[in-house]
Amino acid sequence: MDLVTLVTACTLAVDPKLMHALVWHQSGGEPWAIAVPGEPNPRAYRSMHEAIQEARELTGSTVARVGLAGVPVSPAKVSASILLPCRNVAMAATQIARHASRCKTHPQLRSDPTLCSVAVFRGSWERPDIIFAADVVATVTQGDAPNFDMPRDTRLDIFDLVGDHNTDSEPPVVDITSTFAEQSRGWSSALFPTKSRPPAEQSERTAAAPPAAKPPTPSVPAAFPFKSNLQDHDLFMRRVGTGRP
C-alpha cells in the first residue's frame, strides 16, 4: 500500500491532497513518528511498540505529536489507538475540519480557512503555526508531495475509525461479518414483512395436520440427577476483552 492510497481511504472530512501534504511535512510519511517540542525533526521508530515505550518515557513535555499526521497527545497517553496510521490520519482530518468551521470567523485568518485550520491544528488558537500551514498549502498548490510505499505491515484496520481509547489496552476488533448479517436481516424484515394467514386458513391447516407423536420420555435414574456441563457452556459464552488489535 502506498501513502496516497492510505491517506485517500482514511481522510473523511477534508481534501485528501491537503492531508497528504500535511503528512509529508509533519512526519515524512513515518507511521511511528514522535515529534517532541523543541526538537527540529520528529523521532522515527522502527515499530509501534517501540514508539509507545519511548513516548511514555518522555519527561519535561506536556504534549507530543504522534503518528503520520502528528496528532497532539500527552506522552503518557500515547497508545496504539492513536498511532494506527489510518486512524491517526482520520483523527487529524476531523480536527482540521472542526477548526475550519471556526476559522471562518477568525479575526486575522478568516480569509483562508484552510490555512487557518492547519495552522491551529499544528499550533493552537492562541499561537497558530502559520509557517507550517503555509508550507502545507504551498505543497498542495504545487502538487509535489511525494508518494511511496508504506511499511509492509501497514493496514486499514476497521477499528481504526472507532471511538478513541486512551488506555493501555488494545482497541477491540469489530466483527464486520456478524454486524452486516444482522443489518441484512433487519433490512429484509423491513422490506419484505412476513404475511400473516387468515384465521380460517390457519384453522383449516391446524385441523388437517395430524397430531404430532410425542417423543418417548427417557428414564433417568433418580440417584443421578442431570447437571449442566459448565465447561461446555463456557465454550459458547461470549468473552469480553479477548479481541485482537
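To start, this report covers the structure provided alongside it. What you see is a predicted model, and the numbers here were worked out from it, not measured in a lab. (Residues numbered from 1 in each chain as written. Predicted model: local features only at pLDDT ≥ 70, side-chain atom pairs only at ≥ 80, totals over all residues. Heavy atoms only, no water.)

1. Let's talk about the state of the cysteines
Working step 1: In this structure the tally under the stated criterion is two disulfides.
Working step 2: Residue Cys 10 pairs covalently with Cys 86 via a disulfide, S to S 2.0 Å. Residues Cys 10 and Cys 86 share a disulfide whose torsion about the S-S bond is about -115 degrees; that sign makes it left-handed. Taken together, the residues Cys 10 in helix α1 (residues 3-10) and Cys 86 in helix α5 (residues 85-103) connect sequence positions 76 residues apart. Accessibility classification places Cys 10 together with Cys 86 in one group, the buried group.
Working step 3: Put simply, Cys 103 and Cys 116 are joined by a disulfide, and their sulfur atoms are 2.0 Å apart. Of note, the bridge from Cys 103 to Cys 116 carries an S-S torsion of about -75 degrees and is left-handed in sense. (Disulfide = S-S within 2.5 Å. Helix = DSSP H or I, 4+ residues; strand = E, 2+ residues; numbered from the N terminus. Buried < 20%, exposed > 50% of the residue type's maximum accessible area, 1.4 Å probe, protein only.)

2. Quick look at the sheet that holds strand β1 (residues 33-35)
Working step 1: Taken together, the four strands give an open sheet; going across it, the order is β2-β1-β3-β4, and neighbouring strands pair in antiparallel fashion. Only two strands of the sheet have a single partner each, and these edge strands are β2 (43-44) and β4 (71-73).
Working step 2: Note that β1 and strand β3 (residues 64-66) share two bridges and pair antiparallel. Bridged to Ala 35 within β3 is Arg 65. (Pairing = 2+ DSSP bridges.)

3. Observations concerning the environment of Thr 59
Working step 1: With respect to the helices and strands, Thr 59 occurs in the loop between α3 (48-56) and β3.
Working step 2: Residue classification places Thr 59 among the exposed residues on the basis of a relative accessible area of 73%.
Working step 3: Separated by 16 residues in the primary sequence, Thr 59 and Pro 75 place their C-alpha atoms 8.5 Å from one another.

4. Overview of the packing of helix α6 (residues 113-122) against helix α7 (residues 130-142)
Working step 1: At a minimum axis distance of 8 Å, the contact between α6 and α7 shows a crossing angle of 130 degrees. Regarding the angle of α6 to α7, the classification is oblique. Here α6 and α7 pass one another in a crossing that is right-handed. Residues Thr 114, Leu 115, Val 118, Ala 119 and Arg 122 of α6 touch α7, and the partners they reach there are Ile 130, Phe 132, Ala 133, Ala 134, Val 136 and Val 137.
Working step 2: Taken together, the residues of the contact of α6 with α7 sort by class into nine nonpolar, one polar and one charged. (Axes fitted to C-alpha atoms, helices over the stretch in contact; angles between N-to-C directions. Parallel < 35°, antiparallel > 145°, perpendicular 65-115°, else oblique. Left-handed = near helix turned anticlockwise from the far one by under 90°. Contact = heavy atoms within 4.5 Å. Nonpolar A, V, L, I, M, F, W, Y, C, P; charged D, E, K, R; others polar.)

5. Thoughts on the nonpolar core
Working step 1: Counting residues in each nonpolar core, the largest one holds 44 residues, and the members touching the most others are Met 19, Leu 22, Ile 34, Val 66 and Leu 83.
Working step 2: The dominant element in this core, judged by the number of residues it contributes, is α5, at six residues. (Core = buried A, V, L, I, M, F, W, Y, C linked by side-chain atoms within 4.5 Å.)

6. Focus on the pattern of salt bridges
Working step 1: Per the stated rule, a full pass over the model turns up three salt bridges.
Working step 2: With its nearest N and O atoms 3.5 Å apart, the salt bridge here joins Glu 50 to Arg 46.
Working step 3: Accessibility expressed as a relative area gives 77% for Arg 46, which makes it exposed.
Working step 4: Close ionic contact of Arg 122 with Asp 129 constitutes a salt bridge, the shortest N to O distance being 3.4 Å.
Working step 5: Relative accessible area serves as the criterion here: at 26%, Arg 122 is assigned to the partly exposed category. (Salt bridge = Lys/Arg side-chain N within 4 Å of Asp/Glu carboxyl O.)

7. Structural notes on α3
Working step 1: Turning to α3, its buried residues number three or more, namely Met 48, Ala 51, Ile 52 and Ala 55. Within α3, the buried residues cover an arc of 100 degrees as seen down the axis, which keeps them to one side.
Working step 2: Contacts from the buried residues of α3 go to β1 and α4 (80-83). (Arc of directions from axis to C-beta.)

8. Thoughts on the packing of aromatic side chains
Working step 1: Using the criterion set out here, one finds one aromatic pair in the structure.
Working step 2: When the ring centre of Phe 121 is taken as reference, the NZ or CZ atom of Arg 65 above it lies at 5.4 Å.
Working step 3: Lying across the ring of Phe 132, Arg 122 places its NZ or CZ 4.4 Å from the centre. (Phe/Tyr/Trp six-rings, centres within 6.5 Å; stacked < 30°, edge-to-face > 60°. Lys NZ or Arg CZ within 6 Å of the ring centre and 35° of its normal.)

9. A closer look at the packing of helix α2 (residues 16-27) against α7
Working step 1: For the pair α2 and α7, interaxial distance at closest approach is 9 Å and the crossing angle is 125 degrees. Between α2 and α7, the crossing angle belongs to the class labelled oblique. When you trace α2 past α7, the crossing you get is right-handed. Across from Lys 17, Leu 18, Ala 21, Leu 22, His 25 and Gln 26 in α2, the residues of α7 making contact are Phe 132, Asp 135, Val 136, Thr 139 and Val 140.
Working step 2: Its residues assigned to classes, the contact of α2 with α7 shows six nonpolar, three polar and two charged.

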